[in-house]
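# Residue-level structure breakdown
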Amino acid sequence: MPPVIDKDKCKKCSKCVDICTEDVYFGTPKGGFPVITYPEACWYCNCCVNECPEGAVRLRIPLNMQLARK
Amino acid sequence: MNQTVHEADVLCVGGGIAGLMAAIRAAESGARVIVAEKGNALASGAGRAGNDHFQCYIPEAHGPDIKPFVQKLSSFRGQIRDRKVAQVWAETSGEIVKLWDSWGIPMKYKGEWEFAGHGFPGDKLDHLKYSGKNQKSVLHREALKRGVSIVNWVMITDLLREGDHVAGAIGLGTRDDTMMVFRAKTVILGTGFITRLYPSPINGRVANINFPMTLTGDGRIMAFRAGAELVGLDMPYKHQGPKYFARSGQATWVGVIKDAEGNPLGPFITKPNRRYGDPVLERYPALFEDVAASGKGPVYMDCTDISPEDYEYMIYFMEHEGYASFLKYMREEGIDLRKTPVEFGRYEIRINGGIYTNEKAETSLKGLYAAGDELFGGIANAAVFGWIAGENAAKSGAGRNADRADGFQSFIEERKAFIQSIKARDVGSDWREVNFALQQLMQDYAASVRSESVLTAGLTHLRRLREKARYSLIARNRWELVRSLEVLNLLDLGELVFVTALERKETRGGNIRRDYPVTNPMLDKSRLFVKNVDGKIVTEWREVKE
């Protein structure tokens, strides 16, 4: 799935949950670890990555988005 | 379902660049303003991750002759504009650029006005390179500073009309079971592009597309339903950029478009050039198809000859253009654009046409304004006409009486009952199923290559699909309910694409008619309008205003 949360770094502040306009983290309980409910909605805008004060979020690029190159 | 009522002088639907600029200006003009945003206005819309080019005219950089710039702004990717609209854009854009700079969005590069991209050698360049990574947070802050009230997590579904005047809108909470009623003297639509009408170029990934998947033409279709005119929905357009990474583009790349053997495919440049990128991409719509047919594909963007300074320049602007995830991916994979040519391809079909607006950002409906990608044009268009919409909406609403009767409750109850019917259903089609059915139909019957018989068959098919969808959609939660309502909007927009495409009996730009191969010069200055008249779809050809 696109956003991947490092559970050791995550402080459960929900900033990633609140910034995501596509609501990829829909249904995350208040004060809980972010739940990646709708990974297919991710647009790779990086907003949740930028928002996280702990550097706990990264985006994984799916295989069918790999760059075709020489 | 809870119901809440919100009152404002000006309601901005959508908190993207256009919506926030409109809100800022309307608030400055003395209006009480609400921005209703489907997601979070800090990170919504096409401009959320940043941008690096702003189409404008700056007299001290360009010289006193505004005419060539008005000329350039009069047409865009197969669409044409009224002369006055282009004139006002050119005249206002310089002020907006300076305003953004003063708010903390750096509009100069190394202290100078820097123009590059979307042009060719000898052309008047009008795309200002700027550092727009922070543009959304800056505009958000400026809106709050002026007392704008931002309501996040609400999908506006319908406009409210009082006689011939728009009097507000209703919307659905996207995270909780709420119906929100917004009563306003004027409404400004800024909901952005239509996505998810045509399939993603990447198999199985619904959101790996040129713009975010929550932009579903909500503004266009609610305007149409309320009686406003739409324009240009018949013309398909495909953007291009790194293949399989569809949230990208071309203009920031400093390289040469080449075939597999390394031969440049365009006549413009042979070495990477930061001023022009490679203009062949925009000047040759059939490039990818032709190269594939010639057996010399794939098509590569080759930056291997780039100078160290131009490489630094390109990466700097990619960061500001919103390529952060892409750049990180390249770093992690060890992909170095100085060593490796990257394949380029076209993305999904996009409909750039939308809500007709004049130079005051007025739609054809009283009290209704629209800006930004409601009618193609990118960030500069959104900024300039958002600003103009805000000013005019505040002014025209000032004389109106805000005390109106609650005459909308029966309509609201009807909408609630429909939403309830989706929620109550256990078995049926979820939003994905309906959306994929719509996408395959648009792709098979209304892609770039069209004919009357195929379009007619597709339209019949679409109407059957829509009828079924209305009575079979299911939603397991609020998120899926919102996607379902978006898909219903897309079905109505798809119908308008078919109806208008049938009326364009010629080949032009990306619109290839097998049964009408000639480009009809009599239509060079004409656009196709579409309107809802008492439940009937009515089309009309009209010349642009010179």
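Model, not experiment: these values are computed from the prediction. (Residues numbered from 1 in each chain as written. Chains lettered and ligands numbered in written order. Predicted model: local features only at pLDDT ≥ 70, side-chain atom pairs only at ≥ 80, totals over all residues. Heavy atoms only, no water.)

When helices and strands are counted, chain A shows two helices and two strands. The linear arrangement of helices and strands in chain A, starting from the amino end, is β-α-α-β. Here chain A has a C-alpha radius of gyration of 12 Å; the compact-globule value for 70 residues is 11 Å, and the two agree. For chain A, the spread of C-alpha atoms along the three principal axes comes to 45 × 20 × 15 Å. (Helix = DSSP H or I, 4+ residues; strand = E, 2+ residues; numbered from the N terminus. Rg over C-alpha atoms; globule rule 2.2 N^0.38 Å.)

Below, the discussion takes up the domain arrangement of chain B. All names here are of chain B. With domains assigned, chain B is organised as domain 1 (52-131), domain 2 (241-349) and domain 3 (417-534). One C-alpha centre belongs to domain 1, the other to domain 2; they are set 23 Å apart. With 18 residues of domain 1 at the contact, the number on the domain 2 side is 16 residues. Together domain 1 and domain 2 conceal approximately 1,600 Å² of surface at their shared face, both sides included; 55% is due to carbon and sulfur atoms. (Domains from an automatic or database assignment. Contact = heavy atoms within 4.5 Å. Buried area = accessible area lost by both parts, 1.4 Å probe.)

Residue and element names in this part refer to chain B. Tracing the chain through its elements places R508 in the loop between α15 (478-503) and β19 (512-513). For R508, a relative accessible area of 17% gives the class buried. At 2.6 Å, the side chain of R508 forms a polar contact with the side chain of E506. Engagement of the side chain of R508 in a polar contact is seen with the side chain of D524, the distance being 3.0 Å. Not counting the four nearest positions on each side in its chain, R508 is found in contact with M235, T519, N520, L523 and D524. (Buried < 20%, exposed > 50% of the residue type's maximum accessible area, 1.4 Å probe, protein only. Polar contact = N/O pair within 3.5 Å; in protein donor to acceptor, adjacent residues only side chain to side chain.)

On to helix α13 (residues 431-445) of chain B, then. All names here are of chain B. In a regular helix each residue adds 1.5 Å, so 15 residues correspond to 21 Å; α13 covers 21 Å between its end C-alpha atoms and thus fits that length. All of the buried residues in α13 are W431, V434, N435, L438, Q439, L441 and M442. Considered in projection along α13, the buried side chains sweep an arc of 165 degrees and stay on one side of the axis. Turned more than 90 degrees from where α13 packs its buried face, Q440 and D444 sit exposed. Turning to α13, the residues buried within the fold contact α14 (452-470) and α15. (Expected span 1.5 Å × (residues − 1). Arc of directions from axis to C-beta.)

Turning our attention to helix α8 (residues 287-294) of chain B. All names here are of chain B. Those residues of α8 not exposed but buried are L287, F288 and V291. In an axial view of α8, the angular spread of the buried residues amounts to 95 degrees, which keeps them on one side of the axis. Where the residues of α8 are buried, they touch β12 (236-242), β13 (256-258), α7 (280-283) and β15 (342-351). The first or second residue beyond α8 is G295, which carries a positive phi of 80 degrees.

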